[in-house]
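# Residue-level structural notes
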Amino acid sequence: MKLVIAVIQDKDRRRATDALLEKGFKFTNVASTGGFLREGNVTFFVGVEDDQVDKVMEVLSASCKAREQFVNVFPPTIEPIGTCIPSPVRVMVGGATVFVISVDKYARI
Ligand code: 2BA
(Lines give C-alpha, C1' and ligand atoms only; values in the text may rest on other atoms or scores of the structure.)
Protein backbone atom coordinates (compact mmCIF):
# COMPACT_ATOMS: atom_id res chain seq x y z
CA MET A 1 0.00 0.00 0.00
CA LYS A 2 1.10 3.60 -0.64
CA LEU A 3 0.27 6.97 0.80
CA VAL A 4 0.15 9.72 -1.79
CA ILE A 5 0.76 13.12 -0.22
CA ALA A 6 -0.10 15.96 -2.56
CA VAL A 7 0.23 19.68 -1.91
CA ILE A 8 -2.10 21.64 -4.16
CA GLN A 9 -3.37 25.18 -4.42
CA ASP A 10 -6.51 26.07 -2.54
CA LYS A 11 -8.14 27.10 -5.82
CA ASP A 12 -7.97 23.47 -7.00
CA ARG A 13 -9.27 21.88 -3.80
CA ARG A 14 -12.87 21.52 -4.88
CA ARG A 15 -12.05 20.14 -8.32
CA ALA A 16 -9.51 17.66 -6.91
CA THR A 17 -11.96 16.57 -4.19
CA ASP A 18 -14.77 15.98 -6.68
CA ALA A 19 -12.49 14.10 -9.07
CA LEU A 20 -11.01 11.83 -6.38
CA LEU A 21 -14.47 11.06 -4.98
CA GLU A 22 -15.81 10.32 -8.43
CA LYS A 23 -13.04 7.75 -8.95
CA GLY A 24 -13.78 6.15 -5.58
CA PHE A 25 -10.62 7.11 -3.70
CA LYS A 26 -10.52 7.55 0.06
CA PHE A 27 -8.60 10.55 1.28
CA THR A 28 -8.11 13.25 3.87
CA ASN A 29 -7.22 16.83 3.17
CA VAL A 30 -5.76 19.32 5.59
CA ALA A 31 -5.17 23.03 5.38
CA SER A 32 -1.46 23.74 5.00
CA THR A 33 0.84 26.68 4.37
CA GLY A 34 3.58 26.92 1.78
CA GLY A 35 6.98 27.60 3.30
CA PHE A 36 8.08 29.91 0.52
CA LEU A 37 4.99 31.98 -0.26
CA ARG A 38 3.61 31.58 3.27
CA GLU A 39 0.16 31.32 1.80
CA GLY A 40 -2.53 28.75 2.41
CA ASN A 41 -2.57 25.61 0.31
CA VAL A 42 -4.12 22.18 0.77
CA THR A 43 -2.46 18.83 1.44
CA PHE A 44 -4.21 15.63 0.41
CA PHE A 45 -3.41 12.24 1.92
CA VAL A 46 -4.65 9.44 -0.30
CA GLY A 47 -4.17 5.83 0.80
CA VAL A 48 -4.19 3.44 -2.15
CA GLU A 49 -3.04 0.07 -3.37
CA ASP A 50 0.27 0.22 -5.26
CA ASP A 51 -1.36 -0.19 -8.66
CA GLN A 52 -3.62 2.83 -8.06
CA VAL A 53 -0.85 5.39 -7.54
CA ASP A 54 -0.67 6.33 -11.22
CA LYS A 55 -4.43 6.80 -11.32
CA VAL A 56 -4.29 9.21 -8.38
CA MET A 57 -1.50 11.16 -10.10
CA GLU A 58 -3.59 11.27 -13.27
CA VAL A 59 -6.64 12.59 -11.43
CA LEU A 60 -4.60 15.25 -9.61
CA SER A 61 -2.81 16.25 -12.76
CA ALA A 62 -6.15 16.76 -14.53
CA SER A 63 -7.64 18.80 -11.71
CA CYS A 64 -4.73 21.00 -10.56
CA LYS A 65 -3.41 23.88 -12.64
CA ALA A 66 -0.03 25.57 -12.59
CA ARG A 67 -0.40 29.28 -11.95
CA GLU A 68 1.92 32.21 -12.07
CA GLN A 69 2.33 34.14 -8.85
CA PHE A 70 4.43 37.09 -7.83
CA VAL A 71 6.29 37.33 -4.57
CA ASN A 72 7.89 40.49 -3.24
CA VAL A 73 11.55 40.00 -2.48
CA PHE A 74 13.32 42.57 -0.35
CA PRO A 75 16.92 43.39 -1.14
CA PRO A 76 19.34 41.66 1.25
CA THR A 77 21.09 44.89 2.28
CA ILE A 78 19.87 46.57 5.45
CA GLU A 79 18.28 49.85 4.43
CA PRO A 80 16.75 52.48 6.69
CA ILE A 81 13.07 51.68 7.22
CA GLY A 82 10.90 52.91 4.36
CA THR A 83 13.70 53.22 1.80
CA CYS A 84 13.95 49.68 0.42
CA ILE A 85 11.78 48.82 -2.55
CA PRO A 86 10.73 45.19 -2.93
CA SER A 87 11.12 43.68 -6.38
CA PRO A 88 8.40 41.28 -7.48
CA VAL A 89 9.69 37.88 -8.55
CA ARG A 90 7.60 35.52 -10.65
CA VAL A 91 7.14 31.91 -9.50
CA MET A 92 5.13 29.11 -11.05
CA VAL A 93 3.05 27.32 -8.43
CA GLY A 94 1.55 23.87 -8.86
CA GLY A 95 -0.28 21.93 -10.30
CA ALA A 96 0.56 19.52 -7.45
CA THR A 97 3.67 18.61 -5.47
CA VAL A 98 3.38 14.89 -4.90
CA PHE A 99 5.20 12.50 -2.56
CA VAL A 100 4.54 8.76 -2.61
CA ILE A 101 5.54 6.77 0.46
CA SER A 102 5.20 3.11 1.37
CA VAL A 103 2.75 2.23 4.10
CA ASP A 104 3.89 -0.44 6.60
CA LYS A 105 0.48 -0.95 8.09
CA TYR A 106 -3.07 0.21 7.48
CA ALA A 107 -5.83 -0.52 9.94
CA ARG A 108 -9.33 0.68 10.72
CA ILE A 109 -9.91 -0.28 14.31
P1 2BA B 1 5.51 27.25 -1.32
O2 2BA B 1 6.61 26.79 -0.45
O3 2BA B 1 4.76 28.47 -0.88
O4 2BA B 1 6.14 27.49 -2.76
C5 2BA B 1 5.37 28.09 -3.80
C6 2BA B 1 6.19 28.12 -5.09
O7 2BA B 1 7.32 28.97 -4.91
C8 2BA B 1 6.76 26.76 -5.50
O9 2BA B 1 5.78 26.07 -6.26
C10 2BA B 1 7.99 27.14 -6.29
O11 2BA B 1 7.64 27.50 -7.63
C12 2BA B 1 8.44 28.41 -5.61
N13 2BA B 1 9.49 28.17 -4.63
C14 2BA B 1 9.42 27.42 -3.50
N15 2BA B 1 10.58 27.48 -2.82
C16 2BA B 1 11.40 28.27 -3.52
C17 2BA B 1 12.74 28.72 -3.33
N18 2BA B 1 13.47 28.37 -2.26
N19 2BA B 1 13.27 29.55 -4.27
C20 2BA B 1 12.55 29.94 -5.34
N21 2BA B 1 11.27 29.55 -5.58
C22 2BA B 1 10.71 28.72 -4.68
P23 2BA B 1 5.68 24.49 -6.17
O24 2BA B 1 7.03 23.88 -6.38
O25 2BA B 1 4.60 24.09 -7.12
O26 2BA B 1 5.25 24.15 -4.67
C27 2BA B 1 3.94 24.40 -4.20
C28 2BA B 1 3.87 24.09 -2.72
O29 2BA B 1 4.17 22.70 -2.53
C30 2BA B 1 4.89 24.82 -1.86
O31 2BA B 1 4.43 26.10 -1.52
C32 2BA B 1 5.01 23.91 -0.64
O33 2BA B 1 3.88 24.09 0.22
C34 2BA B 1 4.88 22.53 -1.28
N35 2BA B 1 6.21 21.95 -1.58
C36 2BA B 1 6.91 22.10 -2.71
N37 2BA B 1 8.06 21.40 -2.66
C38 2BA B 1 8.08 20.82 -1.45
C39 2BA B 1 9.02 19.96 -0.77
N40 2BA B 1 10.18 19.56 -1.33
N41 2BA B 1 8.71 19.54 0.48
C42 2BA B 1 7.54 19.93 1.08
N43 2BA B 1 6.62 20.72 0.49
C44 2BA B 1 6.89 21.16 -0.76
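Further up the page is the structure itself.
Read on for a plain summary of the structure. (Residues numbered from 1 in each chain as written. Predicted model: local features only at pLDDT ≥ 70, side-chain atom pairs only at ≥ 80, totals over all residues. Heavy atoms only, no water.)

Here the focus is the site of the ligand. In the vicinity of the ligand, the contacting residues are Val7, Gly34, Gly35, Phe36, Leu37, Asn41, Val91, Met92, Val93, Gly94, Thr97 and Phe99. The side chain of Asn41 places a nitrogen or oxygen atom 3.0 Å from an oxygen atom of the ligand. Gly94 is positioned with one of its backbone polar atoms (N or O) 2.7 Å from an oxygen atom of the ligand. The protein chains hide 52% of the 750 Å² of surface that the ligand would expose on its own. Looking at the shell around the ligand, the elements that each hand over two or more residues are strand 5 (87-93) and strand 6 (96-102). Counting residues per element, the shell around the ligand draws most heavily on strand 5, which supplies 3 residues. (Near = heavy atom within 4 Å. Polar contact = N/O pair within 3.5 Å; in protein donor to acceptor, adjacent residues only side chain to side chain. Areas by Shrake-Rupley, 256 points an atom, 1.4 Å probe, with all protein chains shown as cover. Helix = DSSP H or I, 4+ residues; strand = E, 2+ residues; numbered from the N terminus.)

Attention now moves to helix 1 (residues 13-22). Among the residues of helix 1, those classed as buried are Ala16, Thr17, Ala19 and Leu20. Those residues of helix 1 that are buried are in contact with strand 1 (2-9), strand 2 (27-33), strand 3 (40-48) and helix 2 (53-63). Count one or two residues on from helix 1 and you reach Gly24, which has phi positive near 85°. (Buried < 20%, exposed > 50% of the residue type's maximum accessible area, 1.4 Å probe, protein only. Contact = heavy atoms within 4.5 Å.)

Now for the packing of helix 1 against helix 2. The interhelical angle for the contact between helix 1 and helix 2, taken along N-to-C directions, is 145°, at an axis separation of 9 Å. Our pair here, helix 1 against helix 2, has a crossing hand that is right-handed. Contacts from Arg15, Ala16, Ala19 and Leu20 of helix 1 reach helix 2 at Val56, Val59, Leu60 and Ser63. Among the residues forming the contact of helix 1 with helix 2, the class breakdown is 6 nonpolar, 1 polar and 1 charged. (Axes fitted to C-alpha atoms, helices over the stretch in contact; angles between N-to-C directions. Left-handed = near helix turned anticlockwise from the far one by under 90°. Nonpolar A, V, L, I, M, F, W, Y, C, P; charged D, E, K, R; others polar.)

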